[in-house]
There are 2 protein chains.
Amino acid sequence: MSRPPLPADAVEMLRRPNPAVMATLRSDGAPVSAPTWYVWDQSEGGAGSVLLSLDEGRVRLRHLGADPRLTLTVLQDGDWYTHVTLLGRVVDLRTDEGLTDIDRISRHYTGQPYPDRVRARVTARMRIDRWHGWGAFKDSDQASV
Amino acid sequence: MSRPPLPADAVEMLRRPNPAVMATLRSDGAPVSAPTWYVWDQSEGGAGSVLLSLDEGRVRLRHLGADPRLTLTVLQDGDWYTHVTLLGRVVDLRTDEGLTDIDRISRHYTGQPYPDRVRARVTARMRIDRWHGWGAFKDSDQASV
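In this text the structure is predicted, and so the values were computed from the model without any measurement.

What counts and how
- Residues numbered from 1 in each chain as written.
- Chains lettered and ligands numbered in written order.
- Predicted model: local features only at pLDDT ≥ 70, side-chain atom pairs only at ≥ 80, totals over all residues.
- Heavy atoms only, no water.
- Pairing = 2+ DSSP bridges.
- Helix = DSSP H or I, 4+ residues; strand = E, 2+ residues; numbered from the N terminus.
- Axes fitted to C-alpha atoms, helices over the stretch in contact; angles between N-to-C directions.
- Contact = heavy atoms within 4.5 Å.
- Buried < 20%, exposed > 50% of the residue type's maximum accessible area, 1.4 Å probe, protein only.
- Least-squares fit on C-alpha atoms with pLDDT ≥ 70 in both.
- Buried area = accessible area lost by both parts, 1.4 Å probe.
- Salt bridge = Lys/Arg side-chain N within 4 Å of Asp/Glu carboxyl O.
- Polar contact = N/O pair within 3.5 Å; in protein donor to acceptor, adjacent residues only side chain to side chain.
- Arc of directions from axis to C-beta.

(A) Representation of the sheet that holds strand 3 (residues 39–41) of chain A in the model. All names here are of chain A. Strand order in this open sheet of seven strands is 2-1-5-6-7-4-3, and the pairing throughout is antiparallel. In the strand order of this sheet, the two ends are held by strand 2 (31–35) and strand 3, each with one partner. Neighbour-to-neighbour, the strand axes of the sheet open up by a mean angle of 30 degrees, direction not taken into account. Note that strand 3 and strand 4 (residues 49–55) share three bridges and pair antiparallel. Within strand 4, the position partnered with Val39 by the bridge is Leu51. Sitting on the sheet, helix 2 (residues 59–66) touches strand 1 (20–25), strand 2, strand 4, strand 5 (69–75), strand 6 (83–95) and strand 7 (121–134), and the angle it makes with strand 1 is about 55 degrees.

If you want it as C-alpha coordinates, here you go:
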(Lines give C-alpha, C1' and ligand atoms only; values in the text may rest on other atoms or scores of the structure.)
Protein backbone atom coordinates (compact mmCIF):
# COMPACT_ATOMS: atom_id res chain seq x y z
CA MET A 1 0.00 0.00 0.00
CA SER A 2 1.19 3.50 -0.86
CA ARG A 3 0.03 6.99 -0.04
CA PRO A 4 -1.38 9.40 -2.61
CA PRO A 5 -0.74 11.16 -4.89
CA LEU A 6 -0.88 8.35 -7.46
CA PRO A 7 1.55 8.29 -10.41
CA ALA A 8 0.37 9.91 -13.64
CA ASP A 9 -0.06 6.63 -15.53
CA ALA A 10 -2.30 5.21 -12.79
CA VAL A 11 -4.36 8.41 -12.78
CA GLU A 12 -4.65 8.20 -16.58
CA MET A 13 -6.10 4.69 -16.20
CA LEU A 14 -8.44 5.77 -13.39
CA ARG A 15 -9.79 8.56 -15.62
CA ARG A 16 -11.16 5.99 -18.08
CA PRO A 17 -14.62 4.34 -17.68
CA ASN A 18 -13.34 1.11 -16.14
CA PRO A 19 -15.22 -1.66 -14.33
CA ALA A 20 -14.99 -1.07 -10.57
CA VAL A 21 -16.11 -2.80 -7.38
CA MET A 22 -16.65 -0.96 -4.10
CA ALA A 23 -16.88 -2.53 -0.66
CA THR A 24 -18.49 -0.97 2.41
CA LEU A 25 -19.20 -2.22 5.93
CA ARG A 26 -22.55 -3.56 7.13
CA SER A 27 -23.80 -2.63 10.59
CA ASP A 28 -22.29 -5.89 11.90
CA GLY A 29 -18.92 -4.91 10.41
CA ALA A 30 -18.99 -7.51 7.63
CA PRO A 31 -17.74 -6.33 4.25
CA VAL A 32 -20.15 -6.20 1.31
CA SER A 33 -19.07 -5.46 -2.25
CA ALA A 34 -20.84 -4.31 -5.40
CA PRO A 35 -19.87 -3.12 -8.87
CA THR A 36 -20.11 0.61 -9.32
CA TRP A 37 -19.57 3.44 -11.75
CA TYR A 38 -17.14 6.12 -10.57
CA VAL A 39 -15.35 9.19 -11.89
CA TRP A 40 -11.90 10.30 -10.85
CA ASP A 41 -11.49 13.97 -9.88
CA GLN A 42 -8.02 15.41 -9.93
CA SER A 43 -9.28 18.49 -8.08
CA GLU A 44 -8.75 18.99 -4.34
CA GLY A 45 -5.11 20.05 -4.51
CA GLY A 46 -4.04 17.39 -6.96
CA ALA A 47 -4.43 14.55 -4.46
CA GLY A 48 -7.36 13.17 -6.44
CA SER A 49 -10.67 11.87 -5.20
CA VAL A 50 -13.44 9.61 -6.44
CA LEU A 51 -17.04 10.57 -7.09
CA LEU A 52 -19.68 7.86 -6.60
CA SER A 53 -23.44 8.04 -7.08
CA LEU A 54 -25.93 5.94 -5.14
CA ASP A 55 -29.67 5.48 -5.47
CA GLU A 56 -31.38 7.05 -2.45
CA GLY A 57 -32.76 3.62 -1.50
CA ARG A 58 -29.43 1.85 -1.63
CA VAL A 59 -28.48 0.09 1.62
CA ARG A 60 -24.83 1.04 0.99
CA LEU A 61 -25.90 4.58 1.75
CA ARG A 62 -26.86 3.57 5.30
CA HIS A 63 -23.59 1.65 5.60
CA LEU A 64 -21.57 4.71 4.62
CA GLY A 65 -23.55 6.91 7.02
CA ALA A 66 -22.68 4.55 9.89
CA ASP A 67 -19.05 3.92 8.85
CA PRO A 68 -17.53 6.02 6.03
CA ARG A 69 -14.67 3.61 5.31
CA LEU A 70 -14.73 1.99 1.89
CA THR A 71 -12.46 0.44 -0.69
CA LEU A 72 -12.66 0.60 -4.47
CA THR A 73 -10.90 -1.77 -6.87
CA VAL A 74 -10.69 -0.49 -10.44
CA LEU A 75 -9.99 -3.08 -13.16
CA GLN A 76 -8.37 -1.87 -16.36
CA ASP A 77 -11.05 -2.38 -19.00
CA GLY A 78 -10.13 -5.45 -21.06
CA ASP A 79 -7.14 -6.40 -18.89
CA TRP A 80 -8.12 -6.93 -15.27
CA TYR A 81 -4.65 -8.14 -14.31
CA THR A 82 -3.85 -4.46 -14.34
CA HIS A 83 -5.77 -2.81 -11.54
CA VAL A 84 -5.68 -0.15 -8.86
CA THR A 85 -7.25 -0.47 -5.41
CA LEU A 86 -8.11 2.63 -3.43
CA LEU A 87 -8.67 2.69 0.34
CA GLY A 88 -10.33 5.66 1.93
CA ARG A 89 -13.47 7.13 3.35
CA VAL A 90 -16.48 9.10 2.23
CA VAL A 91 -15.91 12.72 3.24
CA ASP A 92 -19.07 14.16 1.69
CA LEU A 93 -22.57 12.75 1.14
CA ARG A 94 -25.11 15.02 -0.52
CA THR A 95 -28.29 14.87 -2.58
CA ASP A 96 -27.51 15.03 -6.29
CA GLU A 97 -29.60 18.12 -7.08
CA GLY A 98 -30.76 18.02 -10.71
CA LEU A 99 -28.95 14.67 -11.08
CA THR A 100 -25.93 16.56 -12.41
CA ASP A 101 -23.39 14.19 -10.86
CA ILE A 102 -25.03 10.95 -12.04
CA ASP A 103 -25.46 12.51 -15.49
CA ARG A 104 -21.73 13.30 -15.56
CA ILE A 105 -20.92 9.73 -14.48
CA SER A 106 -23.44 8.18 -16.90
CA ARG A 107 -22.05 10.22 -19.84
CA HIS A 108 -18.56 9.05 -18.85
CA TYR A 109 -19.63 5.40 -19.18
CA THR A 110 -22.41 5.47 -21.78
CA GLY A 111 -22.20 8.84 -23.55
CA GLN A 112 -25.77 9.51 -22.43
CA PRO A 113 -27.39 11.22 -19.41
CA TYR A 114 -28.75 8.90 -16.70
CA PRO A 115 -32.07 7.44 -17.91
CA ASP A 116 -33.91 7.35 -14.56
CA ARG A 117 -35.13 10.91 -13.84
CA VAL A 118 -37.53 9.87 -11.10
CA ARG A 119 -35.54 8.41 -8.23
CA ALA A 120 -33.38 10.71 -6.14
CA ARG A 121 -29.64 10.00 -5.95
CA VAL A 122 -26.91 10.77 -3.47
CA THR A 123 -23.37 11.75 -4.42
CA ALA A 124 -20.51 10.42 -2.32
CA ARG A 125 -16.98 11.78 -2.49
CA MET A 126 -14.25 9.32 -1.50
CA ARG A 127 -11.00 10.64 -0.08
CA ILE A 128 -8.05 8.38 -0.90
CA ASP A 129 -5.92 7.40 2.14
CA ARG A 130 -3.97 4.53 0.56
CA TRP A 131 -3.67 2.89 -2.84
CA HIS A 132 -2.28 -0.33 -4.23
CA GLY A 133 -1.47 -1.00 -7.87
CA TRP A 134 -0.81 -4.16 -9.84
CA GLY A 135 0.21 -5.07 -13.36
CA ALA A 136 1.26 -1.90 -15.16
CA PHE A 137 0.78 0.12 -11.97
CA LYS A 138 2.52 -2.10 -9.43
CA ASP A 139 3.52 -0.04 -6.39
CA SER A 140 5.51 -2.70 -4.52
CA ASP A 141 7.65 -5.81 -4.99
CA GLN A 142 4.98 -7.96 -3.34
CA ALA A 143 4.65 -11.49 -4.65
CA SER A 144 2.05 -12.20 -7.31
CA VAL A 145 -1.63 -12.67 -6.53
CA MET B 1 -29.84 -10.33 -0.49
CA SER B 2 -30.97 -13.95 -0.78
CA ARG B 3 -29.92 -17.19 0.84
CA PRO B 4 -28.28 -20.06 -1.05
CA PRO B 5 -28.70 -22.22 -2.99
CA LEU B 6 -28.27 -19.96 -6.04
CA PRO B 7 -30.41 -20.50 -9.16
CA ALA B 8 -28.94 -22.73 -11.88
CA ASP B 9 -28.28 -19.87 -14.32
CA ALA B 10 -26.31 -17.91 -11.72
CA VAL B 11 -24.30 -21.04 -10.87
CA GLU B 12 -23.63 -21.57 -14.57
CA MET B 13 -22.19 -18.04 -14.76
CA LEU B 14 -20.15 -18.52 -11.57
CA ARG B 15 -18.62 -21.68 -13.06
CA ARG B 16 -16.99 -19.62 -15.83
CA PRO B 17 -13.57 -17.90 -15.42
CA ASN B 18 -14.94 -14.44 -14.67
CA PRO B 19 -13.22 -11.37 -13.26
CA ALA B 20 -13.85 -11.19 -9.51
CA VAL B 21 -13.03 -8.87 -6.63
CA MET B 22 -12.85 -10.02 -3.01
CA ALA B 23 -12.94 -7.79 0.06
CA THR B 24 -11.67 -8.69 3.52
CA LEU B 25 -11.31 -6.76 6.79
CA ARG B 26 -8.09 -5.19 8.03
CA SER B 27 -7.20 -5.41 11.72
CA ASP B 28 -8.82 -1.97 12.20
CA GLY B 29 -12.02 -3.25 10.61
CA ALA B 30 -11.63 -1.26 7.40
CA PRO B 31 -12.55 -3.09 4.19
CA VAL B 32 -9.86 -3.77 1.60
CA SER B 33 -10.57 -5.20 -1.83
CA ALA B 34 -8.50 -6.93 -4.51
CA PRO B 35 -9.14 -8.79 -7.75
CA THR B 36 -8.89 -12.54 -7.44
CA TRP B 37 -9.22 -15.79 -9.31
CA TYR B 38 -11.78 -18.22 -7.87
CA VAL B 39 -13.46 -21.49 -8.74
CA TRP B 40 -17.02 -22.43 -7.86
CA ASP B 41 -17.55 -25.83 -6.23
CA GLN B 42 -21.01 -27.30 -6.34
CA SER B 43 -19.96 -29.93 -3.80
CA GLU B 44 -20.85 -29.69 -0.10
CA GLY B 45 -24.46 -30.78 -0.35
CA GLY B 46 -25.27 -28.71 -3.42
CA ALA B 47 -25.10 -25.42 -1.52
CA GLY B 48 -22.00 -24.45 -3.42
CA SER B 49 -18.81 -22.86 -2.14
CA VAL B 50 -15.90 -20.87 -3.53
CA LEU B 51 -12.26 -21.90 -3.62
CA LEU B 52 -9.67 -19.12 -3.41
CA SER B 53 -5.88 -19.35 -3.46
CA LEU B 54 -3.58 -16.88 -1.72
CA ASP B 55 0.18 -16.46 -1.77
CA GLU B 56 1.55 -17.36 1.67
CA GLY B 57 2.86 -13.81 2.05
CA ARG B 58 -0.44 -12.14 1.25
CA VAL B 59 -1.69 -9.76 3.97
CA ARG B 60 -5.26 -10.87 3.17
CA LEU B 61 -4.29 -14.18 4.73
CA ARG B 62 -3.69 -12.48 8.10
CA HIS B 63 -6.95 -10.58 7.67
CA LEU B 64 -8.89 -13.81 7.12
CA GLY B 65 -7.19 -15.45 10.08
CA ALA B 66 -8.33 -12.60 12.33
CA ASP B 67 -11.83 -12.22 10.82
CA PRO B 68 -13.06 -14.85 8.34
CA ARG B 69 -15.81 -12.66 6.88
CA LEU B 70 -15.39 -11.75 3.23
CA THR B 71 -17.37 -10.74 0.18
CA LEU B 72 -16.79 -11.64 -3.46
CA THR B 73 -18.27 -9.81 -6.44
CA VAL B 74 -18.13 -11.77 -9.70
CA LEU B 75 -18.53 -9.77 -12.93
CA GLN B 76 -19.83 -11.61 -15.96
CA ASP B 77 -16.90 -11.62 -18.38
CA GLY B 78 -17.59 -9.04 -21.11
CA ASP B 79 -20.77 -7.69 -19.46
CA TRP B 80 -20.15 -6.44 -15.94
CA TYR B 81 -23.69 -5.07 -15.59
CA THR B 82 -24.52 -8.71 -14.96
CA HIS B 83 -22.90 -9.76 -11.72
CA VAL B 84 -23.29 -11.85 -8.60
CA THR B 85 -22.07 -10.83 -5.14
CA LEU B 86 -21.43 -13.49 -2.51
CA LEU B 87 -21.26 -12.80 1.24
CA GLY B 88 -19.80 -15.37 3.53
CA ARG B 89 -16.84 -16.51 5.52
CA VAL B 90 -13.74 -18.63 5.13
CA VAL B 91 -14.46 -21.98 6.76
CA ASP B 92 -11.17 -23.67 5.84
CA LEU B 93 -7.63 -22.37 5.40
CA ARG B 94 -4.94 -24.90 4.50
CA THR B 95 -1.58 -25.12 2.77
CA ASP B 96 -1.98 -26.00 -0.90
CA GLU B 97 0.17 -29.17 -0.86
CA GLY B 98 1.67 -29.75 -4.31
CA LEU B 99 -0.06 -26.56 -5.51
CA THR B 100 -2.94 -28.70 -6.74
CA ASP B 101 -5.60 -26.11 -5.94
CA ILE B 102 -3.82 -23.14 -7.57
CA ASP B 103 -3.07 -25.35 -10.59
CA ARG B 104 -6.76 -26.17 -10.87
CA ILE B 105 -7.66 -22.48 -10.61
CA SER B 106 -4.90 -21.42 -13.01
CA ARG B 107 -6.01 -23.98 -15.60
CA HIS B 108 -9.56 -22.70 -15.23
CA TYR B 109 -8.43 -19.18 -16.16
CA THR B 110 -5.41 -19.72 -18.40
CA GLY B 111 -5.47 -23.37 -19.47
CA GLN B 112 -2.03 -23.78 -17.90
CA PRO B 113 -0.74 -24.82 -14.47
CA TYR B 114 0.36 -22.03 -12.14
CA PRO B 115 3.81 -20.80 -13.27
CA ASP B 116 5.29 -20.01 -9.82
CA ARG B 117 6.41 -23.36 -8.33
CA VAL B 118 8.53 -21.75 -5.60
CA ARG B 119 6.26 -19.77 -3.28
CA ALA B 120 3.87 -21.66 -1.01
CA ARG B 121 0.15 -20.99 -1.36
CA VAL B 122 -2.82 -21.27 0.96
CA THR B 123 -6.25 -22.46 -0.13
CA ALA B 124 -9.30 -20.77 1.36
CA ARG B 125 -12.80 -22.19 1.10
CA MET B 126 -15.59 -19.61 1.31
CA ARG B 127 -18.99 -20.65 2.63
CA ILE B 128 -21.83 -18.62 1.09
CA ASP B 129 -24.24 -17.09 3.65
CA ARG B 130 -25.98 -14.61 1.34
CA TRP B 131 -25.91 -13.66 -2.32
CA HIS B 132 -27.13 -10.80 -4.46
CA GLY B 133 -27.58 -10.86 -8.20
CA TRP B 134 -28.01 -8.17 -10.82
CA GLY B 135 -28.66 -7.98 -14.55
CA ALA B 136 -29.53 -11.44 -15.78
CA PHE B 137 -29.41 -12.81 -12.22
CA LYS B 138 -31.38 -10.13 -10.36
CA ASP B 139 -32.68 -11.58 -7.09
CA SER B 140 -34.83 -8.62 -5.99
CA ASP B 141 -36.87 -5.69 -7.28
CA GLN B 142 -34.37 -3.22 -5.85
CA ALA B 143 -33.84 -0.03 -7.85
CA SER B 144 -30.95 0.14 -10.28
CA VAL B 145 -27.36 0.87 -9.25
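(B) The arrangement of helix 3 (residues 100–110) of chain A in detail. Residue and element names in this part refer to chain A. Among the residues of helix 3, those classed as buried are Asp101, Ile102, Asp103, Ile105, Ser106 and Tyr109. Among the structural elements, strand 3, strand 4, strand 6 and strand 7 are those in contact with the buried residues of helix 3. Backbone geometry just downstream of helix 3 places Gly111 in the positive-phi region, at approximately 80 degrees.

(C) Quick peek at the relation of the copies chain B and chain A. Rotating chain B by 180 degrees and moving it 0.0 Å along the rotation axis overlays it on chain A with an RMSD of 0.0 Å. The symmetry that links the two subunits is that of a two-fold axis. In this assembly the copies share their binding face: 100% of the residues contributing to the interface of chain B also contribute to that of chain A.

(D) Region of the structure containing the sheet that holds strand 3 (residues 39–41) of chain B. All names here are of chain B. Ordered in space as 2-1-5-6-7-4-3, the seven strands form an open sheet in which the pairing is antiparallel. If you trace the sheet from one side to the other, it starts and ends with strand 2 (31–35) and strand 3, each paired once. Each adjacent strand pair in this sheet contributes to an overall mean axis angle of 30 degrees, direction not counted. Pairing geometry for strand 5 (residues 69–75) and strand 6 (residues 83–95), over seven bridges, is antiparallel. Following the sheet pairing, Leu70 is matched in strand 6 by Gly88. Packing of helix 2 (residues 59–66) onto the sheet brings it into contact with strand 1 (20–25), strand 2, strand 4 (49–55), strand 5, strand 6 and strand 7 (121–134), and relative to strand 1 it is tilted by some 55 degrees.

(E) The arrangement of the interface of chain B and chain A in detail. Counting residues at the interface gives 41 residues for chain B, matched by 41 residues for chain A. Carbon and sulfur atoms make up 60% of the area that chain B and chain A hide from each other, which totals about 3,100 Å². Counting every contact that joins chain B to chain A gives zero salt bridges. Our count for the chain B to chain A interface comes out at eight residue pairs in polar contact (both at pLDDT 80 or more). Elements that contribute at least two residues to the side of chain B that touches chain A include exactly strand 1, strand 2, strand 4, strand 5, strand 6 and strand 7 of chain B. Residue contributions to the side of chain B that touches chain A peak at six residues, all from strand 5 of chain B.

(F) How the structure looks around helix 2 of chain B. All names here are of chain B. Every buried residue of helix 2 is accounted for by Arg60, Leu61, His63 and Leu64. One side of helix 2 holds all its buried residues, which, seen down the axis, span an arc of 160 degrees. Along helix 2, the residues that are exposed and aim more than 90 degrees away from the buried face are Arg62, Gly65 and Ala66. Residues of helix 2 that are buried sit in contact with strand 1, strand 2, strand 4, strand 5, strand 6 and strand 7.

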